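This is what each chain is made of:
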Amino acid sequence: MTERWPPEGYSTPTEYVSSDRWIVAIAVALVLPVILFTHTKISMGAVNLIGWNEKALTNIGIHSRPLLLLFAAFLASVCWILVSAVVIITLHESIHYTLATIFNNNPRFEFNWRLNVPNPSVVAYDQGINRRENVAMLIAPFSILSLLCGIGMTVTSGVVSGTFAVMFAVNAVPSCGDLYHAGRILKMPPGTLFAN
């Protein structure tokens, strides 16, 4: 904190402490609706991907080795999910970063450890961040990417639709922390300012 914090007329700062229990509860609450919304598209995308993989392996003469086909199908599916996850996580964090930059809140990309898992994040290292800016930075990636992936799922088919479904799931459930913090910040009094 600098000597100018808190600004004149504001109370003594209090530390913001988050609750891992609530974050996990939100994640658990999101899992079933996300699975129900995406499972058909992910399954159909995986079936199409495995079909493409099998055709490619058959064309090079490996169709007579079922264990190799099974391993190749597994590997293709894992790579498909990992690449989709990396793309959506990059987009998610880029939206946080872009909004923090627009609000001139000095964003920095970093990894935080949450629930013993490395979590890529963007932190706005500034003082006097207002509630509106904070909430916008928190919910924008969830809102924008869920909408775009949901539309992509419904207007496409096969592997492309499945990819949008994987991205939807990977974006929605891990957004539990953003949703938790946005909810907490919305409950705070108008005029509350934040400093990281």
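To start, this report covers the structure provided alongside it.

Each value, and the rule that gives it
- Residues numbered from 1 in each chain as written.
- Predicted model: local features only at pLDDT ≥ 70, side-chain atom pairs only at ≥ 80, totals over all residues.
- Heavy atoms only, no water.
- Core = buried A, V, L, I, M, F, W, Y, C linked by side-chain atoms within 4.5 Å.
- Buried < 20%, exposed > 50% of the residue type's maximum accessible area, 1.4 Å probe, protein only.
- Helix = DSSP H or I, 4+ residues; strand = E, 2+ residues; numbered from the N terminus.
- Phe/Tyr/Trp six-rings, centres within 6.5 Å; stacked < 30°, edge-to-face > 60°.
- Lys NZ or Arg CZ within 6 Å of the ring centre and 35° of its normal.
- Expected span 1.5 Å × (residues − 1).
- Bend = angle between axes of the 7 residues up to and from the residue.
- Axes fitted to C-alpha atoms, helices over the stretch in contact; angles between N-to-C directions.
- Parallel < 35°, antiparallel > 145°, perpendicular 65-115°, else oblique.
- Left-handed = near helix turned anticlockwise from the far one by under 90°.
- Contact = heavy atoms within 4.5 Å.
- Nonpolar A, V, L, I, M, F, W, Y, C, P; charged D, E, K, R; others polar.

## Here's the deal with the nonpolar core
Within the largest apolar cluster, 30 residues are counted, with the highest numbers of intra-cluster contacts made by V34, L99, M137 and F168. Residue assignment for this core shows that the elements contributing at least two residues are helix 1 (20–59), helix 2 (66–102), helix 3 (131–155), helix 4 (158–172) and helix 5 (176–187). Per-element accounting of this core gives the leading share, seven residues, to helix 3. Formed by five residues, the second largest nonpolar core is a distinct cluster that contains A46, L49, W80 and V159.

## Focus on unusual backbone geometry
Phi at N104 is positive, roughly 60 degrees, even though this residue is not glycine. Positionally, N104 belongs in the loop between helix 2 and strand 1 (107–114). The phi torsion at N106 lies on the positive side, around 50 degrees, for a residue other than glycine. Relative to the elements of secondary structure, N106 occurs in the loop between helix 2 and strand 1. When its relative accessible area of 37% is taken as the criterion, N106 is described as partly exposed.

## A closer look at the packing of aromatic side chains
Each aromatic ring pair is described using two quantities: the centre-to-centre distance and the angle formed by the ring planes. In the structure shown here, the tally under the stated rule is two aromatic pairs. The aromatic ring of Y16 is capped on one face by R184, whose charged end is 4.2 Å from the ring centroid.

## Some thoughts on helix 3
Side chains three or four residues apart in an α-helix point the same way, a direct result of the helix having 3.6 residues per turn. Between its first and last C-alpha, helix 3 extends 36 Å over 25 residues, near the 36 Å set by a 1.5 Å rise per residue. When the local axis directions of helix 3 are compared, the greatest deviation, roughly 40 degrees, occurs at I139, which is followed within four positions by the proline P141.

## Concerning the packing of helix 3 against helix 5
Where helix 3 meets helix 5, the closest approach of the two axes is 9 Å, and the angle between their N-to-C directions is 155 degrees. Regarding the angle of helix 3 to helix 5, the classification is roughly antiparallel. Pair helix 3 / helix 5 crosses with left-handed handedness. Note on element contacts: helix 5 touches helix 3 through D178, L179, H181, A182, I185 and L186, opposite R131, N134, V135, L138, I139 and F142. A breakdown of the residues in the contact of helix 3 with helix 5 according to their chemical character gives eight nonpolar, two polar and two charged.

## Description of helix 5
Taking 1.5 Å per residue, 12 residues should reach 16 Å; helix 5 reaches 17 Å between its end C-alpha atoms and fits that length. C176, G177, D178, Y180, H181, A182 and I185 are the residues of helix 5 that are buried.

## Some remarks on the side chain of S146
For S146, the location among the structural elements is in helix 3. For S146, a relative accessible area of 11% gives the class buried. Apart from residues no more than four positions distant in its own chain, S146 is found in contact with P141, F168 and N171.

## Remarks on the packing of helix 3 against helix 4
Look at helix 3 against helix 4: their axes get within 8 Å of each other, and the N-to-C directions meet at 160 degrees. The orientation of helix 3 relative to helix 4 falls into the category roughly antiparallel. Our pair here, helix 3 against helix 4, has a crossing hand that is left-handed. Residues P141, F142, L145, S146, L148, C149, G150, G152 and M153 of helix 3 form the contact with helix 4, whose own contacting residues are S161, F164, A165, M167, F168, N171 and A172. Among the residues making up the contact of helix 3 with helix 4, the classes are represented as 11 nonpolar, five polar and no charged.

The values reported here are purely geometric and, on their own, carry no functional implication.
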